[in-house]
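Here are the chains, one letter per residue:
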Amino acid sequence: METTNTVNHNVYQDVSSSTLINNRLAEQEGAFPTNNTTKKYSEHPNLLELPHYGLEELGLRNLGHVYRNLPIPTLVEHSIARAEGILAANGSLCVKTGKYTGRSPHDKFIVDEPESRDEIHWSKMNVPIPEFNFDRLYRRVRSYVQGRDLYIFDGYVGADPHYQYGVRVITERASQSLFAQQLFIRPTAEQLKTHHTDFTVIAVPGLHADPEDDGINSEAFIVLNLSKKMVIIGGSKYAGEIKKSVFSLMNYFMTKADVLPMHCAANMDADGHTALFFGLSGTGKTTLSADPERYLIGDDEHGWSDHGVFNFEGGCYAKTIKLRREQEPQIWDAIRFGSLMENVVLDHDTRVPDYDDGSLTENTRVAYPIEYIPNAVIPGIGRHPKTIIFLTADAFGVLPPIAKLTKEQAMYHFMSGYTSKVAGTERGIKDPEATFSAGFGKCFLPLAASVYAKLLGKRLEEHPETNVYLVNTGWSGGAYGVGQRVPISYTRAMVSAAVNGTLDNAKFYPHPIFKVLVPENIPGIPSEILDPVQTWKNPQAYQKQAKQLAQLFVDNFKKFEGVPESVLEAQPNLN
């Protein structure tokens, strides 16, 4: 038994014993309903007669009890009985994920196998692992689960039935099954009877690999096998690995169906006009897309097909650090019974969450079904987007707070995926640092960035009425430490002007260095804010800083091959 004490004195234990479950059940007689998925071991004297729901086909045999699609209250009860977590004052289940409090990109691999080998863009993000090593790890998984209880969630990914995949998530932790049930699309009772699995994810955090023997980097592993449509995860309790692994699978298979997979949020207005919000961490994607005056399609992962936009997921996975009800009321109110909080510190006596406490991690998270958002679109399907917003937090203070992009500029900035880091975000950072992540999520893209950019270009050609804007939520009047961050009230007003059509007939002029189209004025916004050079005390200093950032854009883009000349012409002007 592993016990971890945290700063708030709450104790979390990792226990997977059926005996413990039955002891707790005996103490709480009647706590769990007695149906065919929750019977106690005493009701199954012959373990071979326990339902295993086809796990034998995966080589998972000699198992303990297998639970499938348990009701949310039952999963919460199982999680508490197994000491995986405790209830917070707001009713949500709170768990701690131990050593791994976020994704572990250095422990993620893609199997190097003949079917996909020539398609994958092998890189530091997409690291190959031989089939032999995958088979070895999978044997470890099959051996590890023998005699253990497992939880199955059978559901779907992809709200549009034309592009929907059946997903099966197999976990040893009830809390991770709760996560899967809240994040993916839940089946109806009738759908569950005929559910077909396309993607399989097996998560066994208690299994620690041997880096030397298994040919990996640590005891943790996240391995995608595209030919088998399978992911195996071990060594990490961080549930986000499950979500992002399925997203990576979708980013591969959706392209084969002529669908652009996107790491973005999406919402719509009362007339059905859809807006997309792309942006890396810290750019305001969740905040700006969670608009109480609009209807949320989804907060993170979508596809754009011939039919329109659709959510991949059935839930949300929001950050909670520094969460304030007045700033993000929808997220605040969604944290209630059925939600799963990760690494949020609770008050010892009251169990009230302290969202300001980042002592365990700054990456505190909550998972909840999208139905917990009062203005959610269910199913998560929208029309072709009227507006696309690329968000960046420019710490150099040189990009305009909003600018319109041509189709070629949209492809260029989509492939660039720029934002910046500032002092305090990571150890050793003293001055602003540019960060480029193709598609605003390169670590989840198995294929070359150009594949996704071409799909974006194709969609924009098919829908010339779609407007694309670059919105800088970062600094103005100087770089970080000198200038000021663009006020959120101004950013909201500019985004509103973009999505409600106010900017459709505005006059624009090209930025002399970045070539993007800057609006001359926006109602309610001081005109000097729109032109970044006017916010600097020293125009020459602005020019120098802008050229410096422009050079970083150009240098980053050199790694892309086979880019059309029209897209290359969208690069900043260095003359």
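Keep in mind it's a predicted model, so treat the numbers as computed, not measured.

The rules behind the values
Residues numbered from 1 in each chain as written. Predicted model: local features only at pLDDT ≥ 70, side-chain atom pairs only at ≥ 80, totals over all residues. Heavy atoms only, no water. Helix = DSSP H or I, 4+ residues; strand = E, 2+ residues; numbered from the N terminus. Buried < 20%, exposed > 50% of the residue type's maximum accessible area, 1.4 Å probe, protein only. Contact = heavy atoms within 4.5 Å. Areas by Shrake-Rupley, 256 points an atom, 1.4 Å probe, with all protein chains shown as cover. 1 Å grid on protein atoms, 1.4 Å probe; cavity = no way out; pocket = protein on both sides within 12 Å on 5 of 7 lines; lining within 4 Å. Points joined across faces, edges and corners; volume = space filled by probe spheres on them. Nonpolar A, V, L, I, M, F, W, Y, C, P; charged D, E, K, R; others polar. Pairing = 2+ DSSP bridges. UniProt positions renumbered as here; feature names shortened; annotations may be inferred. Axes fitted to C-alpha atoms, helices over the stretch in contact; angles between N-to-C directions. pLDDT = per-residue confidence, 0-100. Expected span 1.5 Å × (residues − 1). Salt bridge = Lys/Arg side-chain N within 4 Å of Asp/Glu carboxyl O.

Q: I'd like to hear about the overall build of the protein chain, residue by residue, with values.
A: Scanning the protein chain from terminus to terminus reveals 15 helices and 32 strands. Out of the 575 residues in the protein chain, the part that is buried amounts to 60%. Across the protein chain, every contact between residues at least 6 apart in sequence was considered, and the portion connecting residues at least 24 apart equals 73%. Surface summary for the protein chain: the accessible area is close to 23,100 Å², and the carbon and sulfur share equals 50%.

Q: Describe the layout of surface pockets, and please don't skip the residues or the numbers.
A: By volume, the second largest pocket is sized at about 330 Å³. Taken together, 18 residues form the lining of the second largest pocket, with Ile 185, Arg 186, Ile 378, Pro 379 and Gly 380 sitting closest to its centre. A per-class count over the lining of the second largest pocket returns 8 nonpolar, 7 polar and 3 charged.

Q: Explain the pairing of strand S28 (residues 467-472) to me, and be specific about the residues and the numbers.
A: Of all 6 residues in S28, 6 are buried; the element is thus mostly enclosed. By the bridge criterion, 4 bridges tie strand S25 (residues 402-405) to S28 in an arrangement that is antiparallel. Bridge pairing in S28 links Lys 404 to Tyr 469.

Q: I'd love a proper account of the UniProt feature "binding site: substrate" (unreviewed entry) in the protein chain, names of residues and values included.
A: Following the UniProt record, the feature "binding site: substrate" (unreviewed entry) maps to Arg 103, Tyr 238, Lys 244 and Arg 365 here. Of the residues just listed, which span 263 residues, no C-alpha pair is farther apart than 14.1 Å, and they cluster in one region. With near-sequence residues (within four places) excluded, Tyr 238 lies in contact with Thr 97, Tyr 100, Thr 101, Gly 102, Arg 103, Gln 176, Tyr 317, Glu 342, Asn 363 and Arg 365. Relative to the assigned elements, Arg 365 resides in strand S22 (residues 365-369). Beyond its immediate stretch of four places on either side in the chain, Arg 365 contacts Tyr 238, Tyr 317, Ala 318, Lys 319, Thr 320, Leu 340, Met 341, Glu 342 and Val 344.

Q: Provide a residue-level description of the sheet that holds strand S8 (residues 150-157), including the pertinent values.
A: The strands making up a sheet are joined through hydrogen bonds of the backbone, oriented either antiparallel or parallel. As summarised here, the arrangement of the 8 strands in space is S3-S8-S9-S10-S12-S11-S6-S7, forming an open sheet in which the pairing is mixed. Because the sheet does not close on itself, it has two edges, and the strands there are strand S3 (66-68) and strand S7 (128-130). Geometrically, the sheet is characterised by an average inter-axis angle of 25° between neighbouring strands, direction not taken into account. Pairing of strand S10 (residues 199-204) with strand S12 (residues 230-234) involves 5 bridges; the strand directions are parallel.

Q: Any details on the confidence of the model for the protein chain? Residues and values, ideally.
A: Residues with a pLDDT of 70 or more make up 90% of the protein chain, whose mean pLDDT is 90. Contacts from residues 1-48, a stretch scored under 50 in pLDDT, to residues over four places away or in other chains number 85 contacts. The model gives residues 423-429 a pLDDT under 50, and that stretch makes 7 contacts with residues more than four places away or in other chains.

Q: Residue-level account of helix H7 (residues 240-253), with values.
A: Over its 14 residues, H7 runs 20 Å from end to end, which matches the ideal 20 Å to within 8%, given 1.5 Å per residue. The buried fraction of H7 is high, at 14 of 14 residues.

Q: Please provide a residue-by-residue account of the pairing of strand S18 (residues 315-319), values included.
A: Counting buried positions along S18 yields 4 of 5 residues, so the element is predominantly enclosed. Relative to S22, S18 is paired through 5 bridges, and the arrangement is antiparallel. Across the sheet, Ala 318 pairs through a bridge with Val 366, a residue of S22.

Q: Tell me what's going on with the pattern of salt bridges, and back it up with residues and numbers.
A: Under the defined criterion, the tally for this structure stands at 27 salt bridges. Asp 306 is paired through a salt bridge with Arg 459; the nearest N and O atoms lie 3.5 Å apart. Residue Asp 306 is located in the loop between strand S16 (301-304) and strand S17 (309-311), and its partner Arg 459 is located in helix H11 (residues 449-462); the two are separated by 153 residues in the primary sequence. The exposure class of Arg 459 is buried, given its relative accessible area of 0%. The residue Arg 324 makes a salt bridge to Asp 356 at a minimum N-O spacing of 2.9 Å. With Arg 324 in the loop between S18 and helix H9 (329-334) and Asp 356 in the loop between strand S21 (353-354) and S22, the pair connects residues that are 32 residues apart, well separated along the chain. Residue Asp 356 is classed as partly exposed on the basis of its relative accessible area of 34%. Through salt bridges with shared partners, one network takes in Lys 243, Lys 244, Lys 285, Asp 300, Glu 301 and Glu 313.

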